[in-house]
Amino acid sequence: MRWKKLGKIFDPTQFALPNDCLQFAQSPQALLFDDFVRIYFSTRSTDRTNGKYLSHVAFVDMRKNLREVIGVCAHAAIELGALGCFDEHGIFPMNVLRHGSVIYGYTCGWSRRVSVSVETAIGLALSDDDGISFRRIGDGPVLAASLHEPCLVGDPFVRRYGDAFHMWYIFGTGWRKFTHDSAPDRTYKIGHAVSHDGVEWTKEEARQIVADRLGPDESQALPSVVEIDGRYHMFFCYRQSYDFRRNRTRGYRIGHAWSDDLSNWTRDDDRPGIDVTEGGWDSDMMCYPHAFACDGNVYLLYNGNEFGRYGFGLAVLE
Amino acid sequence: MFKWRKLGRVFTPQEVQGRSWLKEFAQAPATLIFERFVRVYFSCRPPADENGQYVSYCAYVDLDRADPFRILEVSARPILELGGLGEFDEFGTYPVSVARDGDEVRAYYGGWTRCESVPFNVAIGYATSRDGGRTFVKHGRGPVLSYSPEEPFVLSGPKIRRFAGTWYLWYIAGRKWKLVEGRAEPVYKIRMASSEDGIHWRKVNRDLIESRVEQDEAQASPDVFYRDGKYHMFFCYRYSSHYRGRENGYRVGYASSEDMLHWARDDSKAGIDVSEEGWDSEMISYPHVFELDGDTYLAYLGNQVGRYGFGLARLEGGLA
């Protein structure tokens, strides 16, 4: 198995996006229809009160060749949370899943803090109009910090296998100032939870399910699981916990692990591997992968440089 | 109705010497009875920082069992450390509730973090003591009871109880942040959860006490005890805006229940109110009822939600 890069397929600066969002199309996530693919992503507006970013979920519909854009959404797929709620300052990412006639949207909600920049938690919103609009089931999250996962529960990815909902997500292991004059940075790892109804979840509570490659200061993000020839494959991204934004040797790369039982995962980043391309749109980093099967192919959506400021690209498994 | 006779203020934090972290406030009293003394846990504060922001620590004062107005000891250090960078209890531990469990003492407490759009958020933490309640060790760096779809923020005011081997936690959950003249004010309601081990909790997921003075009434300090065949709850409530003075400030309410789930509120039975003058003339809040040597006492806070300490009242006659 190896990935063949197909290039960047969506540039947010070329479209009129909701909420006057101009840049960023982060963490693309696919929802399949009979004759098109709806790809959700998080884009950003500017908070007029303080100039900080707000992340909104939008989508683009593409032909199944994943080349041709049909159109982008007229409105954000979900509104941001109310004052003081976990998702007040952004939703990034949202993972979507068909369950019966309803689309489940698992959100990673962001709210700003004072001593550190942000806290996150995972919410659930439902759509009964094929994913055009989502309504949250409550103002609060379905998965949040707990005794041994003290902060930053986020990046949900949910699939049903058998009678159970499985969620892979990330949990923070802590915030730290790595250098004297730097802002606090966080470290997070990939965890796993199960549910009978998709609403009430049981975490494995701080069990890191994918081994570190860079040591304890490796941050792992955005797990995505796909079944290929009877084996489960997880794609995620990982980086150093500090000096990762501009230093290309410490920035995000795409990792991989496989499992036959959904519980024990063997990390194997090189089979199939995918890496940055010199001189390209993904020359400095690769992040926020989303693997999915469509019409007999296995695809990987992902972001490149600057965490997806200028869009996302595609690779196909050969 | 209950008839409480006020005995006066029993502890004034401003009178404590030599503790930089205990300058003001003695909030949310909670008792643990020992052979020779009554240990009263409370939350206190050092002076505000340069931005006017407070942190809050938990401490205790031991009162002579024979004469509760005689102070035997004040804890030399806070009983709990504040949380680390970015953790839920980085900026405060308030309030705390304690219960014995064999040789251990369990503590459930509100952990405070600071937010940008609203001033704070709170979730409930868990710690245990193996030295008779002098110091506590947290069970994790995160909360034991946190936010959920119907309880989105401000989970605070825990009161831990055990009935027939099951742990019960009464607490408050935020309903909304209400903008009052540009300031975000929290509205919260009394809720409940139960657990076999005190770690894994099942929330009841509804308000236990109907709101009385207005829809956005805020309710706190759900203090429950069982006597004479039913459960009694003293709590406090306030208006959602302009509640820092006498008019809209905290008062003590009362409700009773046969099954802990369905409560009949009847504040007219509470039997205690603000005084005409003195330290509890503007508000009266955070009630805690305990029995001691045949008497029933109610510990409570006065003006400015306990800035100047807590007092005691004693029940005269029987229960309502």
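(A) Summary view of the interface of chain A and chain B. Each partner contributes residues to the interface: chain A has 31 residues there, and chain B has 28 residues. Between chain A and chain B, roughly 2300 Å² of surface is buried when both sides are summed, and carbon and sulfur atoms account for 60% of that area. Ranking the residues of chain A by area buried against chain B places Leu83(A), Arg113(A) and Leu147(A) at the top, with a combined share of 30%. The interface formed by chain A and chain B includes two salt bridges. The partner of Lys52(A) in a salt bridge is Glu116(B), with the nearest N and O atoms 2.6 Å apart. Counting every contact that joins chain A to chain B gives 12 residue pairs in polar contact (both at pLDDT 80 or more). For the side of chain A that touches chain B, the element with the highest residue contribution is strand 11 (residues 164–176) of chain A, accounting for four residues. Tallied by class, the residues present in the side of chain A that touches chain B amount to 14 nonpolar, 10 polar and seven charged.

(B) The pairing of strand 2 (residues 23–32) of chain A, seen in detail. All names here are of chain A. In terms of burial, strand 2 is a largely internal element, eight of the 10 residues being buried. Across six bridges, strand 2 lies against strand 3 (residues 37–46) in antiparallel orientation. By the bridge assignment, leucine 32 is partnered in strand 3 with valine 37. Here strand 2 folds back onto strand 3 in antiparallel fashion, the turn holding four residues.

(C) Representation of the side chain of Glu217(B). Residues and elements named next belong to chain B. As for its position among the elements, glutamate 217 is in the loop between strand 13 (202–203) and strand 14 (218–227). Among the polar contacts made by the side chain of glutamate 217, one reaches the main-chain amide nitrogen of valine 213 at a distance of 3.1 Å. Contact partners of glutamate 217, with chain neighbours within four places excluded, come to Val187, Tyr188, Lys189, Glu210, Ser211, Arg212, Tyr237, Arg238 and Arg265.

What counts and how
Residues numbered from 1 in each chain as written. Chains lettered and ligands numbered in written order. Predicted model: local features only at pLDDT ≥ 70, side-chain atom pairs only at ≥ 80, totals over all residues. Heavy atoms only, no water. Contact = heavy atoms within 4.5 Å. Buried area = accessible area lost by both parts, 1.4 Å probe. Salt bridge = Lys/Arg side-chain N within 4 Å of Asp/Glu carboxyl O. Polar contact = N/O pair within 3.5 Å; in protein donor to acceptor, adjacent residues only side chain to side chain. Helix = DSSP H or I, 4+ residues; strand = E, 2+ residues; numbered from the N terminus. Nonpolar A, V, L, I, M, F, W, Y, C, P; charged D, E, K, R; others polar. Buried < 20%, exposed > 50% of the residue type's maximum accessible area, 1.4 Å probe, protein only. Pairing = 2+ DSSP bridges.

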